[in-house]
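Given next are the chains, with one letter for each unit.
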Amino acid sequence: MSVLVNKSSNVIVQGFTGKEGSFHAEQMIAYGTNVVGGVTPGKGGQKHLDKAVFNTVQEAVEKEGADVSVIFVPPAFSGDAIMEAAEAGIKVIVCITEGIPVQDMVKVKEYIQKFDCRLIGPNCPGVITPEEAKVGIMPGFIHRKGSIGIVSRSGTLTYEAVDQVTKAGMGQSTCIGIGGDPIVGTTTKEAVQLLMNDPETEGIVMIGEIGGNMEADAANWIKEHGTKPVVGFIAGQTAPKGRTMGHAGAIIGGEDDTAEAKMRIMEACGIHTVKSPAQIGAMMVEALKK
Amino acid sequence: MNLHEYQGKDLLKKYGVAIQEGIMAENVDHAMKAYDTISEQSGNEACVIKAQIHAGGRGKGGGVKLAKNKEECREHAENILGMMLKTPQTPGGMEGPGKLVRKILIAEDAYAPDFSACKEYYISILTDRERRQNVIIYSTEGGMDIEAVAEKTPHLVHKEYIDPSLGLQGFQMRKVAFNLGLSGKAFKEMTKFIKSLYAAFTGSDASLFEINPCIKTADDRIVAVDCKVTLDDNALFRHPELAELRDVHEEDPTEVEAKKYDLNYVKLDGNVGCMVNGAGLAMATMDIIKLSGGDPANFLDVGGTANAERVEQAFRIILKDENVKAILINIFGGIVRCDRVAQGVVDAYKNMGNINVPIIVRLQGTNADIAKTIIDESGLKVHSAILLQEAADLVSEVLA
């Protein structure tokens, strides 16, 4: 099992022939991901990295049975790329791009609701099911196949958690980087739900940060429906109010979206909450014993 | 990006929103010329002098004054221009140093001729993250702190959510006007006001509009008296004319410099500097510093390419802060190779010569062990770590 992506996913890359797209497509292929081609409008019919290039996502779906797409196009065109993928019938759309205007995402979210698809990101490291499919920019070698699901709004902090889980002798079922923007395709709660329903996942690491109420939402859901131990951490305990901390979505607006408030809610909902990001792996070992 | 009041009003006016008319001035001579124009336009000798800084509550610190005539206007302009204005929102609040006022707005007295016949409202537009929709928030309790109003009298705060694909609808504009208790000419004016305001919001890719107060005048006009405008930085590529409105004087000079090198830096007031790749890990590193007995002196995300040049720039920026007693470098190398970052740290350290504060370098990920060897064998006074907990312990150690 695992969720979202696996070895039989037919993955395409939008923005395939660009610098970022090429580099990461190559890394994904080297990891063993089943990349079946890519899309660059105007370059259809060519070959790139030994795979077919298409003008439209539609064509990639028809000819290669593409069902997962990873997007590396510049921010001004990313909203359009997401909508194209949804309309063409792609089931899992992973948007790596950082810097998409919020008003674009408001429209995109509304549009893609009409289709049977799931958007991960934008502004995220992607999704990986270790030893099966890496759909994103994360370093593959830190992951091990296993039973811990990871959900996070961050990139390198996710790698940190993965590394700790691996070093603690466990592995990962699927790691989902949901992204650091104010509006993301899949919320913390939705990602936790996917992992909670995955028979292969035995424990979940949930990493959040300041801003918004996604973690509180997820925590309340876990309290009612959770069947597996969840370890949680919120980055930004020392962040000042009203300043954007790197991620567009990481800004404290009121008293409810500080790290402290979120951790209090998570604790109250039975999540094994750690104050130190260095304790994520160790806490998971403890949580699984209970 | 935040705009000044006068810039925000210019933007609103372009979309047909009725505003309190005014002219920005940077010195007293200009202020006097502005006064002549404004008093002639409004047919009123009285005017308002408003300090232009990026902080609310300007009136509380003496940054907004009503002048009965030209002489008073000159007096206030002289006093406000160049003052260090303290408001509850400037750094350190009313106890802090305040912010230097470089510009003032000479504005008409929008409440004339009959202050008591005017009614104040609150109107804002923002994007609701959870519902992924724009929302108009409005209240009859204008001129007050809306958070306090929402807490004490939640029934007086109304919200109108906008469908992303259809946009603002006619019935919604009418609802706003009715809920604010308007009728007749004022009702019509308000629907027009809301329509233009929403067009300005979407047209400029704003993330926040706050009109507080917006007033109904004695002759039933609806006028924006103040406005706070925040634009979406990610959308500025679509609005080069708005991008030019950035006022670097309103930002921390070190943060402005960091931006030049593509470093994402936020100054804080602690004693341990940090340099990290990735925003989430950077915040987590600040938290680790606190748990280790220190206080973070900054947030600094060096991004994906942590080469020698960037590391050196980051060092220079962190060391500008005299409070810094130690520096923690935390890099999780994925695509970035740790050995290259380590070499960058060593090179930057040697280039800069005399760094007097202890440095802790934690490199994890690709080639982490080679990186540790490079640091350990460099002969520099740099502590190296691989695990995050080791780095945390080293922070406690050097601060002890």
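One can find the structure itself at the top, above this paragraph.
In this text, all values refer to a predicted model and were calculated from it rather than measured experimentally.

Calculation criteria
- Residues numbered from 1 in each chain as written.
- Chains lettered and ligands numbered in written order.
- Predicted model: local features only at pLDDT ≥ 70, side-chain atom pairs only at ≥ 80, totals over all residues.
- Heavy atoms only, no water.
- Helix = DSSP H or I, 4+ residues; strand = E, 2+ residues; numbered from the N terminus.
- Rg over C-alpha atoms; globule rule 2.2 N^0.38 Å.
- Buried < 20%, exposed > 50% of the residue type's maximum accessible area, 1.4 Å probe, protein only.
- Contact = heavy atoms within 4.5 Å.
- Areas by Shrake-Rupley, 256 points an atom, 1.4 Å probe, with all protein chains shown as cover.
- Lys, Arg positive; Asp, Glu negative; His and termini not counted.
- Charge placed at Lys NZ, Arg CZ, Asp CG, Glu CD.
- Pairing = 2+ DSSP bridges.
- Right-handed = clockwise from strand over helix to strand, strands pointing away.
- Core = buried A, V, L, I, M, F, W, Y, C linked by side-chain atoms within 4.5 Å.

Draft legend 1. Main features of the overall build of chain A. When its secondary structure is counted, chain A shows nine helices and 14 strands. For 290 residues, the compact-globule estimate of 2.2 N^0.38 gives 19 Å, and chain A sits close to it at 18 Å. Its C-alpha atoms put chain A at 55 × 40 × 30 Å along the principal axes. Residue burial in chain A is summarised as follows: out of 290 residues, 62% are buried. Counting contacts in chain A only where the partners sit at least 6 residues apart, residues at least 24 apart contribute 73% of the total. For chain A, the accessible surface area stands at approximately 10,400 Å², while carbon and sulfur atoms represent 49% of it. If the 26 positive side-chain charges of chain A are averaged to one point and the 33 negative ones to another, these points end up 2 Å apart.

Draft legend 2. Just the sheet that holds strand E5 (residues 68-71) of chain A, in detail. Residue and element names in this part refer to chain A. The sheet built from seven strands is open, its strands ordered E3-E4-E2-E1-E5-E6-E7 with mixed pairing. The open sheet has two edge strands with one neighbour each: strand E3 (47-48) and strand E7 (118-120). Pairing analysis gives two bridges linking E3 to strand E4 (residues 51-54), with the strands arranged antiparallel. Bridge pairing in E4 places Lys 47 opposite Ala 52.

Draft legend 3. Representation of the pairing of strand E12 (residues 203-209) of chain A within the structure. All names here are of chain A. Summarising burial for E12: seven of the seven residues are buried, a large majority. Side chains of E12 alternate between two faces, with Gly 203, Val 205, Ile 207 and Glu 209 and Ile 204, Met 206 and Gly 208 buried alike. Relative to E12, strand E10 (residues 145-152) is paired through five bridges, and the arrangement is parallel. When the sheet's bridge partners are listed, Gly 149 is paired in E12 with Ile 204. Pairing between E12 and strand E13 (residues 230-235): six bridges, direction parallel. Counted as the bridge partner of Met 206 is Gly 232 from E13. With respect to chirality, the unit in which E12 leads through helix H7 (residues 214-225) into the neighbouring parallel E13 is right-handed.

Draft legend 4. Quick peek at the nonpolar core. Of all hydrophobic cores here, the largest spans 89 residues; its most connected members are Val70(A), Val94(A), Val205(A), Phe233(A) and Met245(A). Here this core takes seven residues from helix H9 (residues 279-291) of chain B, the largest share from any one element. Formed by 38 residues, the second largest nonpolar core is a distinct cluster that contains Met1(B), Leu11(B), Leu182(B) and Ala186(B).

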